[in-house]
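# Summary of the model geometry
Read off the chains here:
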Amino acid sequence: MNLYSSVSFIFFTFIALQILPLTIQQSAESCSSTLPLNDLTFNSSLLQCVEAWTRQNYILRYARTAENTWTFILSAPDSSVFIGIGFSTNGQMIGSSAVVGWLPPGGGRGQAKQYFLRGQSPGEVTPDQGDLVIVNGSLKIESVSSRLYMSFQLTAETPRQSILYAKGPAGFFPSSPGFMLREHQSMTTTTINYNTGSQSVVKGSPHSKLRKTHGLMNMIGWGILIIIGAIIARHMKQWEPTWFYSHIAVQITGFLLGLTGIICGLVLENRTNASNVSTHKALGIAILVMGGLQVLALLARPDKESKYRKYWNWYHHNIGRAMIIHAISNIFYGIHLAKAGSSWNAGYGSAVGILALAAIVLEVRKILNK
């Protein structure tokens with residue numbers, strides 16, 4: 001029985017290893033592959049080909065097939081997802097018009113629609129809208145040899161050169177009546193030269209550096225240095241007057257970095273026309289106001305013997321605590337809005353965790369030494 005099982009296992013493993021490359025070969029494609037579509041209304045030899053998204057094996061074929069008429073055929077592995085191609089004026093998703101297609105499992109009829117991407121949330125991606133002039137009856141999608149082929153024709157002198165590609169979440173397909181999309185699981189942005197067929201991948205969005213600077217300045221300024229300054233003031237007073245000057249230096253540095261971060265955020269909002277940052281912006285301005293009040297409090301700091309000192313201490317301490325709580329919350333909220341990923345959450349969360357642990361240890365030590 002054991003010998004029979006071993007022989008059977010080896011046999012079926014051998015068969016599987018023979019079938020697997022055939023399956024992969026069926027779903028994989030390159031520009032040297034023959035286009036397996038038979039109902040084309042133009043000469044397929046006119047098509048130029050670009051390996052548009054190598055990681056996802058997206059292949060784009062295109063040609064100017066008539067005066068001011070461009071034909072596009074996007075192919076991708078049929079992995080039970082929707083596929084999308086967007087045309088952008090500035091390389092950004094927001095403001096782009098996209099063609100999205102899908103083929104439901106079970107032999108359902110494929111569907112493809114134009115969508116206008118007026119925002120990043122699903123509710124801001126509107127079906128049957130956009131500024132692409134699609135030739136009537138040209139938009140369709142089909143599956144051949146485990147690949148999706150979405151074809152359409154645009155009326156344009158020259159289509160936009162910034163092209164976005166998207167792959168939808170596994171197992172989700174838009175349905176009537178709303179045909180709402182869910183957030184894609186991955187995407188990329190490229191620029192293409194239609195004359196030469198050359199393409200370059202855009203490394204991040206045009207505003208990625210500004211967005212990263214905005215996040216880092218706020219994170220380091222409001223979210224780390226301000227906390228360190230508070231810990232110095234709370235637990236280092238035995239080193240007079242070093243603690244005081246250290247506290248001021250750290251807090252002013254944190255305030256200036258945070259101010260820089262907020263200015264970057266306002267510039268970023270203006271350049272991207274972001275529509276979902278009102279709460280994040282309001283919290284940021286509130287944090288800036290509280291930080292400014294803390295700086296002004298330094299100028300109005302009464303002497304230790306003054307009867308107003310206790311009120312100043314109450315004001316200074318509680319405004320500082322409120323500012324720290326709001327800053328930490330808004331930083332995590334900003335990471336969420338930017339879809340920066342788990343690495344940013346983990347990195348900043350670790351920093352806050354270390355600072356919190358240090359504060360707790362120092363607080364316990366202070367209580368025990370009383």
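In the annotation of an unreviewed UniProt entry, the entry for the chain reads Cytochrome b561 and DOMON domain-containing protein At3g07570-like, and the organism field reads Raphanus sativus. Its UniProt record gives the chain a comment under Subcellular location (unreviewed entry), which states: "Membrane".

With respect to topology, five strands assemble into an open sheet ordered E1-E2-E3-E9-E8, the strand pairing being antiparallel. Unpaired on one side and paired on the other, strand E1 (48–53) and strand E8 (140–144) mark the two borders of the sheet. Across this sheet, the average inter-strand angle for adjacent strands is 25°, counted without regard to direction. Across seven bridges, the pairing between strand E2 (residues 58–66) and strand E3 (residues 69–77) is antiparallel. Bridge assignment links Leu60 to a residue of E3, and that residue is Leu74.

Right, let's get into helix H4 (residues 278–299). Counted at 1.5 Å a residue, the expected span for H4 with its 22 residues is 32 Å, and the 32 Å between its end C-alpha atoms agrees. Turning to H4, its buried residues are His280, Gly284, Ile287, Met290, Gly291, Gln294 and Ala297. The arc that holds the buried residues of H4, viewed along the axis, is 135°, so those residues lie on one side. The exposed residues of H4 that point more than 90 degrees off its buried face are Ser278, Leu296 and Leu299. In this fold, the buried residues of H4 make contact with helix H2 (208–235), helix H3 (242–272) and helix H5 (309–338).

What follows deals with H5. The end-to-end C-alpha distance of H5 is 42 Å, a good match for the 44 Å that 30 residues give at a rise of 1.5 Å each. Positive backbone phi, at 50°, marks Lys339, one or two positions downstream of H5.

Turning next to the pattern of salt bridges. What the rule picks out here adds up to seven salt bridges. For Glu67, the salt bridge is made with Arg64, and the minimal N-O distance between the two is 3.5 Å. Since its relative accessible area comes to 64%, Glu67 is described here as exposed. Residue Lys281 is joined to Glu269 by a salt bridge in which the shortest nitrogen-to-oxygen separation is 3.3 Å. Highlighted residues: Lys281 in helix H4 and Glu269 in helix H3, separated in sequence by 12 residues.

Analysis parameters
Residues numbered from 1 in each chain as written. Predicted model: local features only at pLDDT ≥ 70, side-chain atom pairs only at ≥ 80, totals over all residues. Heavy atoms only, no water. UniProt positions renumbered as here; feature names shortened; annotations may be inferred. Pairing = 2+ DSSP bridges. Helix = DSSP H or I, 4+ residues; strand = E, 2+ residues; numbered from the N terminus. Axes fitted to C-alpha atoms, helices over the stretch in contact; angles between N-to-C directions. Expected span 1.5 Å × (residues − 1). Buried < 20%, exposed > 50% of the residue type's maximum accessible area, 1.4 Å probe, protein only. Arc of directions from axis to C-beta. Contact = heavy atoms within 4.5 Å. Salt bridge = Lys/Arg side-chain N within 4 Å of Asp/Glu carboxyl O.

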